[in-house]
Amino acid sequence: MPKGDEMIVISNLHKWFGDFHVLKGINLTVRNGERLVICGPSGSGKSTLIRCINRLETHQKGTIVVDGVELTNDVKRIDRVRQEVGMLFQNFNLFPHMTVLDNLTLSPIWIKKMPLKEARDLAFKYLERVKIPDLAHKYPNQISGGQQQRVAIARCLCMNPKIMLFDEPTSALDPEMIKEVLDVMIDLAESGMTMVCVTHEMGFARTVADRVIFMDVGEIVEENDPESFFNHPQCDRTQLFLSQILSHGFTR
Ligand SMILES: Nc1ncnc2c1ncn2[C@@H]1O[C@H](COP(=O)(O)OP(=O)(O)OP(=O)(O)O)[C@@H](O)[C@H]1O
Ligand SMILES: [Mg+2]
């Protein structure tokens, strides 16, 4: 693999919460433009792993290199990585006291020092992209969960990230709103964005992912292309997990 092609390189990553060993020697490389899906049982460390990638969590052993920058305690490096990495959470995390438009222009204006007019034009460009330009002047509590999540995606895109991390972005949504968010994610994938998605949306994983990894108790237990992963899981733990989620209706 050519060096310049590697966007995220995680080597022998260990993390503890106090005495609890949550990540146990993770090795993972994500290439430019790759779409990686992470799945696994609750508590297996999926959120912790992706939160380490933009330093929302610190690790104690091993290395994480994002687009050539190793994450250490150096705040300049952390800032550089965070400027390149957008993260989407389950609960949207929009500022409730600000309109959709102000949520979108805040970081471009304050972090990138972009002039107001340019920031607003950019915000509208991405609101068009997620198909809700008419909601620009609403407050988050005046729009649906699916719309809030699309605003959150547009807000990330305004910072022009190279990598997007998703932590179960549809799991807090009513079923009828899941598709509208997945459609935006599929559109992003088709545009060539490097994406790391924690999700149990198997339909999404099958259509969009280049690779699926399965985590259990802090380790990557199995990884494969989606077809092999879903049709021929190798490990007992993966088979058990897949049979459980399929029987609970996560079959979209
Ligand atoms: N801040 C914290 N302090 C202590 N323990 C934590 C903390 N955050 C997570 N944990 C523990 O670490 C383990 C992994 O948590 P994590 O949230 O990464 O799991 P997950 O795979 O994302 O689970 P889920 O599918 O439920 O979101 C869990 O046992 C959790 O209780
Ligand atoms: Mg989680």
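Structural data are supplied above this passage.
Residues numbered from 1 in each chain as written. Chains lettered and ligands numbered in written order. Predicted model: local features only at pLDDT ≥ 70, side-chain atom pairs only at ≥ 80, totals over all residues. Heavy atoms only, no water.

Turning our attention to the packing of aromatic side chains. Inspection of the entire model under this criterion finds two aromatic pairs. Taking the centre distance of 5.1 Å and the plane angle of 50° together, the rings of Phe214 and Phe241 count as tilted. Highlighted residues: Phe214 in strand β9 (residues 211–216) and Phe241 in helix α9 (residues 236–247), separated in sequence by 27 residues. Phe214 sits in the buried class, given a relative accessible area of 1%. (Phe/Tyr/Trp six-rings, centres within 6.5 Å; stacked < 30°, edge-to-face > 60°. Helix = DSSP H or I, 4+ residues; strand = E, 2+ residues; numbered from the N terminus. Buried < 20%, exposed > 50% of the residue type's maximum accessible area, 1.4 Å probe, protein only.)

Residues in close proximity to ligand 1 include Phe17, Phe20, Val22, Pro41, Ser42, Gly43, Ser44, Gly45, Lys46, Ser47, Thr48 and Glu168, which together make up its full environment. Within the contact set of ligand 1, an oxygen atom lies 2.7 Å away from a side-chain nitrogen or oxygen of Lys46. Interatomic distance of 2.5 Å between a side-chain N/O atom of Thr48 and an oxygen atom of ligand 1. With the chains in place, 58% of the 640 Å² that ligand 1 exposes on its own is no longer accessible. Put simply, the parts of the chain that give the shell around ligand 1 at least two residues each are β2 (20–31) and α1 (46–53). Counting residues per element, the shell around ligand 1 draws most heavily on α1, which supplies three residues. Of the residues in the shell around ligand 1, the class split is four nonpolar, six polar and two charged. (Near = heavy atom within 4 Å. Polar contact = N/O pair within 3.5 Å; in protein donor to acceptor, adjacent residues only side chain to side chain. Areas by Shrake-Rupley, 256 points an atom, 1.4 Å probe, with all protein chains shown as cover. Nonpolar A, V, L, I, M, F, W, Y, C, P; charged D, E, K, R; others polar.)

Counting residues in each nonpolar core, the largest one holds 52 residues, and the members touching the most others are Ile153, Met185 and Met195. By residue number, the principal contributor to this core is helix α6 (residues 175–190), which donates eight residues. In contact with Ile153, other than residues within four places in its own chain, are Leu88, Val130, Met164, Val181, Val184, Met185 and Leu188. Residues Leu23, Ile50, Cys52 and Val81 belong to the second largest nonpolar core, which totals 29 residues. (Core = buried A, V, L, I, M, F, W, Y, C linked by side-chain atoms within 4.5 Å. Contact = heavy atoms within 4.5 Å.)

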